Amino acid sequence: MIRKAVIMALAVLAAAAGCATYTARMSSTGVYYYDGEYDLAIGELDELVLSSSNEDCCLFMLERGKVRLAAGMYDSAIVDMQVAERRFDEIEGTVSVGEMLSTSIISEGSKEYHPEPHEKILLNTYLLLSYWESGARGGAYVERNRVVRRLSEYVGNFAAEDDPPLDVPFARYVAAVLYENEGMLDDARIEYDRIENLYPEAIPWTPNSHLTEIVVLTEMGRAPVKISREIRGYFEKVNGRTFGYFTLPGGAGQHVYPVSSAFLSGDAELGTVFTFAFPEYVRMPRVAARCRPVIDGVETGTAVTLDDIEETAMEEFKRDIGTILLKSALRTYLQLLAQNKLDGDLGRIASVLSKLFSAVERADTRSWQTLPSEIAVFRMEVEPGSHEVSLRYYDAGGRLICQSAVRQVWVEKGKKQLAWMPGPP
Amino acid sequence: MTRLFAAILCVLLLAGCAPKQTWDIDLDTDTAEDADYTSSDLLTISDQMITSIKANGFSQHYAAAHGGQKPVMILARALENNTDEHIDTRMILDKVRTALIKDGVAQFVDDQAFDMALDQLNMQATDLYDDRKAAQLGRFVGAHYIMRGSIGNIRKMEGRETRNYFLITMTIVDIETLLITWIDEVEYKRGSTKGSVRW
C-alpha cells in the first residue's frame, strides 16, 4: 500500500513539477507584448492555450485576444474574447464540487479562473474596441450596451465610499463617446459625470454630437502581477510551551513565535512541516510617464490620465485578500490534520500527499497580465477626413523614450473617431 | 470489490464509445433555453408581425387605388439593434419579407442585389454581350415603402437569476410622405436561473 502511495505521489509530483505559476508562464509573453513583438507574443500564447488546463484556458484566450487586438487582428481578437466571456458568464455565481475539493486540498489555482469585476468590464471594453477598429459599428454599439450593463452590475453594487477606486472610467469614457456619436447626449453626460469625480481633466467640456474629433486612447505601463509568497513552518514544544518556527518570504531567516496550543488539535501536529502560500500583487516598473500625441506631424498636447487600472486591481485585491488568506490557512490546517489524524494506509497516503503538496504549494497568481497600468486620453477637434496619428512617450525626466508607429485615422464629419493605441511598459 | 470496479469501468468505457447523437427539434414546440434571444423568439416575432401586416389591410387599399398593383417595398439593412446581444436582426426582416411575397401581400426590391445588378448591367452593356438578349438599363423599379424597425432590451441580473425584457418595433414608412403606414410591436419578458452547481 505504501508503495502504491509513493507511486501516486510521484505521479502527482511529476504533474506538479510542470505547475509553474501563471506569472512565470506569462513572463516571456509579457516581454514580447510590451516590446511590440506581437507575432512572438501570439506564438507564445498559442502554445499556452493549447497546453493549458481547463482552469487557465480562458484566461490565456483573454490575453491572446488583447494581443491580437494590438496586432490589428480584430476578428480573431473578438473570437478569443467572446469565448472567454461566455465561459466566465457560465461559471459566475456557480460552484463546482470538484473545485471545492481540489481548492481545499491542493491550491486555489486548481479551480477555473474567475475574473475580477474590473477585468469583466474591461473585457467588454476591449471587445467594443475590436468591433470599432474592425469597422463593425453595430457590434461596437452592442458591446457598449454590455459595458454599461456590467458597470451597473459590478460597480453599482459597491457602497459609495468604495466606488471610485473600483470604477472603470476607461469603459465609461468609451461608452460615452459612442453615445455622443449616436446623438444620445444625456447618456453620454451620465457617464462623463461619473468620470468627472475621478479625472475631471479627462472629460470634454460638454458632450456634443456636432464636432468632428479624434479621441486617442493610449496605454502606459504594465498591470501589476501576482507572485506567490510562501511561509514554511512547523510547531514545537519547548519546556511545555508551544512555539511556531516560520520561514518568512524574502530570505529574512527563521522567526520563532510563541503560539497558543489551542491552534493544534493535539501533539501529533508538532514537528510537521507545512507551507502557507498566498499571492501578493507587485507593481511593475514604469518606463513611460507621459504621452504626447502627434497628429499630422504636429505634437499637439499631452494625454491625460483616464484610468488607473493598477490602483483598481490593488483595491480589488485588498478586498479579497482576507478570504484568500483564510482559505489558505484552512487548506494548510486540513493538510496537517490529514497527515496526523488518519490511521493506517490512508494516513500514510495522506502523509505522503500532504508533504508533497506542502513542497509544491503555490499561491494562485492568475490575473489579466496584458492589461496596462494606466490609460490616458487625448481629444482634439480636426477636419473631417484622414489624419496621421502617432504617440511620443517621455520618461519622468521629460526625455523622449519611444514613438509609436504612425497610423491613419479616418474621421467622419460630425463624428468622434476612437483611436486606441497600446503603449510601452 | 474488484469486480464492482471492473463493472463500473466497463460501463464508463461503453458510455464513452456511444455513437454521436443528433435529433430534430420541432420549431413549433421549441422553447427558449435561457433569457437571451433565441430561435423561438425569431419565430414568434416574425409570425406576429406578419399577421399584423396582413390584418392592417394597407396592401388591399393600395391595390384598390393603384389598379390592382401590389405595393413595392424595400427592407432597411437590418433592424436597429439596441440590445446587449449580438443578434442578426436581418433574419426577422427576411422572414417577414418571405411571408409577404409568398402570400402576395407586397413586392420587394432586393436592397442587397443593387451593386451586383449594376455590375451586371454595365457588363452587359459592353460589346461582350448580345444586345438583343442583354438586360436593359433603366428598368429598376423604385420602392414606395421602407420596412424598418428596432429591437431593444432591458436586462437585470441578480446572482444566478436573469430577467430580460425585449421590445421589438417594426414600421412600414411611405417614402414620399414619411408617413408611417403600418406599425406594431412585440414585447416579452423572460427569466432564467443558472444551476448553482457545475461539474
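As a starting point, this report considers the structure included with it. The residue count restarts for each chain, going from 1 along the sequence in the order it is written. Following the order in which they are written, the chains are lettered starting with A and the ligands numbered starting with 1. With pLDDT at 70 or above as the cut-off, local features in this predicted model cover only qualifying residues; side-chain atom pairs require 80 or more to be listed or tallied, and sums for whole chains, interfaces and linings still use all residues. The side-chain numbers reported here are obtained from all heavy atoms of the structure, hydrogens and water having been left aside.

What follows is about the packing of aromatic side chains. All names here are of chain A. The aromatic pairing rule takes the rings of Phe, Tyr and Trp, using the six-membered ring of Trp, and pairs them if the centres are within 6.5 Å, calling planes under 30 degrees apart stacked, those over 60 edge-to-face and the rest tilted. For the structure on display, the rule yields 15 aromatic pairs over all chains. Here the aromatic rings of Tyr 126 and Trp 420 are separated by 5.9 Å at their centres, their planes lie at 75°, and the arrangement is edge-to-face. Taken together, the positions of Tyr 126 in helix 8 (residues 117-134) and Trp 420 in strand 14 (residues 416-421) put the pair 294 residues apart, joining distant regions of the chain. This pair shows no difference in class: Tyr 126 is buried, exactly as Trp 420 is. With a centroid separation of 5.5 Å and an interplanar angle of 75°, the aromatic rings of Tyr 173 and Tyr 192 are classed as edge-to-face. Here a helix means four or more residues in a row that DSSP labels H or I, a strand means two or more in a row labelled E, and each is numbered from the N terminus. For every residue, the accessible area (1.4 Å probe, protein chains only) is compared with the maximum for its type, and the residue is labelled buried under 20%, exposed over 50%, or partly exposed between those bounds.

Another point: the interface of chain B and chain A. Counting from both sides, the interface comprises 15 residues of chain B and, opposite them, 22 residues of chain A. A simple way to read buried area is as the amount of 1.4 Å-probe accessible surface that goes missing from two parts once joined, with both sides added. Interface of chain B and chain A: buried area, both sides summed, is about 1,500 Å²; carbon and sulfur atoms make up 47% of it. Salt bridges are counted wherever a side-chain nitrogen of Lys or Arg sits within 4 Å of a carboxyl oxygen of Asp or Glu. In this assembly, chain B and chain A are joined by one salt bridge. Across the pair Asp 84 of chain B and Arg 149 of chain A runs a salt bridge whose closest N-O atoms are separated by 2.5 Å. By the criterion applied in these results, polar contacts are pairs of N or O atoms within 3.5 Å in which, for protein atoms, one can donate a hydrogen and the other can accept it, and in which residues neighboring in sequence qualify only through two side-chain atoms. Applying the counting rule to chain B against chain A returns eight residue pairs in polar contact (both at pLDDT 80 or more). Sorting the residues of the side of chain B that touches chain A by element identifies strand 2 (80-82), strand 4 (145-158) and strand 7 (197-198) of chain B as the ones contributing at least two each. Here strand 1 (residues 95-96) of chain A runs beside strand 7 of chain B; their pairing, made up of two bridges, is parallel. From the neighbouring strand, Ser 96 of chain A faces strand 7 of chain B, where its bridge partner is Arg 198 of chain B. The contact criterion used is simple: two residues touch if any of their non-hydrogen atoms lie within 4.5 Å. The criterion for strand pairing is that DSSP finds at least two bridges linking the strands in question.

Let's shift gears to the packing of helix 6 (residues 74-91) of chain A against helix 8 of chain A. Residues and elements named next belong to chain A. At a closest axis distance of 9 Å, the pairing of helix 6 and helix 8 adopts a crossing angle of 155°. Here helix 8 runs roughly antiparallel to helix 6, going by the angle between their axes. Regarding helix 6 and helix 8, the two cross each other, and that crossing is left-handed. On the side of helix 6, the interface is formed by Tyr 74, Asp 75, Ala 77, Ile 78, Met 81, Gln 82, Glu 85 and Phe 88, while helix 8 contributes Leu 123, Asn 124, Tyr 126, Leu 127, Ser 130, Tyr 131, Glu 133 and Ser 134. Gly falls in the polar group here, along with every residue not listed as nonpolar (Ala, Val, Leu, Ile, Met, Phe, Trp, Tyr, Cys, Pro) or charged (Asp, Glu, Lys, Arg). Grouping the amino acids of the contact of helix 6 with helix 8 by side-chain chemistry returns nine nonpolar, four polar and three charged. Each axis is a line fitted through C-alpha atoms, and for a helix only the stretch in contact is used; angles between axes span 0 to 180 degrees, taken between their N-to-C directions. For this classification, under 35 degrees means roughly parallel, over 145 means roughly antiparallel, 65 to 115 means roughly perpendicular, and everything else is oblique. Each crossing is labelled by how the near helix is turned from the far one, with a counterclockwise turn of less than a right angle marking it left-handed and a clockwise turn marking it right-handed.

Residues and elements named next belong to chain B. Judged from the three bridges that link them, strand 1 (residues 72-75) and strand 4 form a sheet pairing that is parallel. Note that in strand 4 the partner of Met 73 across the bridge is Tyr 145. As paired strands, strand 2 and strand 4 are joined by three bridges and run parallel to one another. Considered in strand 4, the bridge of Asn 82 is made with Gly 152. Pairing analysis gives 14 bridges linking strand 4 to strand 5 (residues 161-174), with the strands arranged antiparallel. Considered in strand 5, the bridge of Met 157 is made with Thr 162. The loop that links strand 4 with its antiparallel partner strand 5 comprises two residues; one of these, Gly 159, has a positive phi angle of about 60°.

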